[in-house]
Amino acid sequence: MGETITFWVLAVVSVGAALGMVFNRKAVYSALMLGTVMLCLAVLYAVQDAPFLAAVQIIVYTGAIMMLFLFVLMLVGVDSSDSFVETLKGQRFWAVIAAAGFLVLFVLAIGNAIFTPQVGLAAATGQNGYIRSIAELLFTRYVFAFEITSALLITAALGAMVLAHREQLTAKATQKDMSRARFRGDRPSPLPGPGTYARNNAIDMPALLPDGSVAESSVNRYIARYDLEQGHLPEDPKLAEAIRQTAEEDEADEHEAERNNEVTK
């Protein structure tokens, strides 16, 4: 009875998280939804008397793979705007082919699970136990697919390194050069931290300069747009105007980037 209740509760949670991962437009939320799906799968493995698979699911996928996703998000940037320029020709056609192949595999897997008689864990593993049975299948029957998968993962890691690498066309500025450029510019001092001299020391609260004026550059533009969309503006009109100004500048920059993309097309 407890296994059935656990299955139906986690099934609803995992399917809802999977749909949220696919249809969510924010990459951070999609990554969190994917982590929820992986944790639900780990619990289901543990309920099915497979603690080894549950531990691997948490350590490898929820730990290592999710850290890889978060690293990519930090590398790209959370507040970076999406580009609508297709750099790869024919990607939509191949995406449709891949989706059709995935749909066929999904239907075959569902049909195999429904129409194939149940064997049971004890009969499937035999006397060796499920860990040795998994190792035996990986390194005998499915060794070719296992090695191909490892080669694909290595290729993906190398591809990510190549895409993230940038050629140094000019000499790298030293700390002395950056200090000189900073003092020769309009702002020799660093940017003020959010919430400095304000009533609330929060990351979405503009800082106040020593003369009492509001420093608009102290608020992250992504956070400013979120506060403006959700209506989380402070009661002080000067602070609210600073957040609104930062959000409008960010929106204008985004529209300018979209226009540049249209011109590039």
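Please read these numbers as outputs of a predicted model, since none were measured by experiment.

About the cut-offs
- Residues numbered from 1 in each chain as written.
- Predicted model: local features only at pLDDT ≥ 70, side-chain atom pairs only at ≥ 80, totals over all residues.
- Heavy atoms only, no water.
- Helix = DSSP H or I, 4+ residues; strand = E, 2+ residues; numbered from the N terminus.
- Buried < 20%, exposed > 50% of the residue type's maximum accessible area, 1.4 Å probe, protein only.
- Contact = heavy atoms within 4.5 Å.
- Areas by Shrake-Rupley, 256 points an atom, 1.4 Å probe, with all protein chains shown as cover.
- Phe/Tyr/Trp six-rings, centres within 6.5 Å; stacked < 30°, edge-to-face > 60°.
- Expected span 1.5 Å × (residues − 1).
- Core = buried A, V, L, I, M, F, W, Y, C linked by side-chain atoms within 4.5 Å.
- Patch = residues over 30% accessible without salt bridge, like charges linked within 9 Å, V, L, I, M, F, W, Y side chains within 5 Å.
- Salt bridge = Lys/Arg side-chain N within 4 Å of Asp/Glu carboxyl O.
- Lys, Arg positive; Asp, Glu negative; His and termini not counted.
- Charge placed at Lys NZ, Arg CZ, Asp CG, Glu CD.
- Arc of directions from axis to C-beta.
- Axes fitted to C-alpha atoms, helices over the stretch in contact; angles between N-to-C directions.
- Parallel < 35°, antiparallel > 145°, perpendicular 65-115°, else oblique.
- Left-handed = near helix turned anticlockwise from the far one by under 90°.
- Nonpolar A, V, L, I, M, F, W, Y, C, P; charged D, E, K, R; others polar.

K.L.:
Any chance you could explain the overall build of the protein here in plain terms?
P.N.:
For the protein, the helix and strand inventory stands at 10 helices and 2 strands. Along the protein, helices (α) and strands (β) appear in the sequence α-α-α-α-α-α-α-α-β-β-α-α when read from the amino end. Expressed as a percentage of the 265 residues in the protein, the buried residues total 16%. Within the protein, contacts between residues at least 6 apart in sequence are counted, and of these 48% link residues at least 24 apart. Accessible surface, the protein as shown: approximately 20500 Å² in total, 65% of it carbon and sulfur.

K.L.:
Explain the packing of aromatic side chains here, please?
P.N.:
Two numbers describe a pair of aromatic rings. These are the distance of the centres and the angle of the planes. Using the criterion set out here, one finds 3 aromatic pairs in the structure. A ring pair is formed by F7 and W8, whose centres lie 5.4 Å apart and whose planes are at 70°; its orientation type is edge-to-face.

K.L.:
Is there a simple way to think about helix α2 (residues 27-47) in this case?
P.N.:
Every α-helix carries 3.6 residues per turn, so stepping three or four residues along brings you back to the same face. Across its 21 residues, α2 extends 31 Å between first and last C-alpha, which sits within 8% of the 30 Å expected from 1.5 Å per residue. For α2, the complete set of buried residues consists of S30, A31, L34, G35, V37, M38, C40, A42 and L44. Looking one or two residues past α2, D49 carries a phi angle of roughly 60°, positive in sign.

K.L.:
So what exactly am I meant to see when it comes to the environment of A55 here?
P.N.:
Along the chain, the position of A55 falls in helix α3 (residues 51-76). Residue class for A55 comes out partly exposed when judged on its relative accessible area of 34%. Distance in space between the C-alpha atoms of A55 and V43 is 9.5 Å, their sequence separation being 12 residues.

K.L.:
Any chance you could explain the side chain of T62 here in plain terms?
P.N.:
Here T62 lies in helix α3. According to the relative accessible area criterion, T62 is buried, its value standing at 17%. Sequence-distant contacts of T62, that is, excluding residues within four places in its chain, are made with M38, L39 and Q57.

K.L.:
Hey, could you run me through the nonpolar core in this one?
P.N.:
In terms of nonpolar packing, the biggest core is built from 5 residues, these being A31, L34, M38, M66 and L73. When contributions to this core are tallied by element, the ones reaching two or more residues are α2 and α3. Per-element tally for this core: the top contributor is α2, with 3 residues.

K.L.:
Is there a simple way to think about a negative patch on the surface in this case?
P.N.:
A contiguous patch of negative charge on the surface is contributed by E216, E229, E248, E249, E251 and D253. The greatest single-element share of the negative patch, amounting to 4 residues, is contributed by helix α10 (residues 237-264). Note on placement: E248 falls in helix α10. With relative accessibility at 42%, the residue E248 sits in the partly exposed group.

K.L.:
How should I be thinking about a nonpolar patch on the surface in this particular structure?
P.N.:
Among the surface-exposed residues, M67, L68, F69, L70, F71, V72 and M74 lie close enough to one another that they form a single nonpolar patch of about 680 Å² accessible area. Structurally, M67 is set in helix α3.

K.L.:
How should helix α9 (residues 221-230) be read in this particular structure?
P.N.:
Of the residues making up α9, those classed as buried are I223, A224 and D227. Buried residues of α9, seen end-on, are gathered within an arc of 100° and therefore sit on one face of the element.

K.L.:
In this structure, what is going on with the packing of helix α1 (residues 2-23) against α2? I would like to understand it.
P.N.:
Helices that pack against each other are described as a pair by the angle of their axes relative to one another and the distance between those axes. Running from amino to carboxyl end, α1 crosses α2 at an angle of 160°, the nearest separation of the two axes being 8 Å. By the angle between their directions, the pair α1 and α2 is classed as roughly antiparallel. The handedness of the crossing between α1 and α2 comes out as left-handed. Together, E3, T6, F7, L10, V13, S14, A17, A18, G20 and M21 of α1 and S30, M33, L34, T36, V37, C40, V43, L44 and V47 of α2 make up the contact between the two elements. Looking at side-chain class alone, the contact of α1 with α2 contains 13 nonpolar, 5 polar and 1 charged residues.

By themselves, these figures tell us nothing about what the structure is for.
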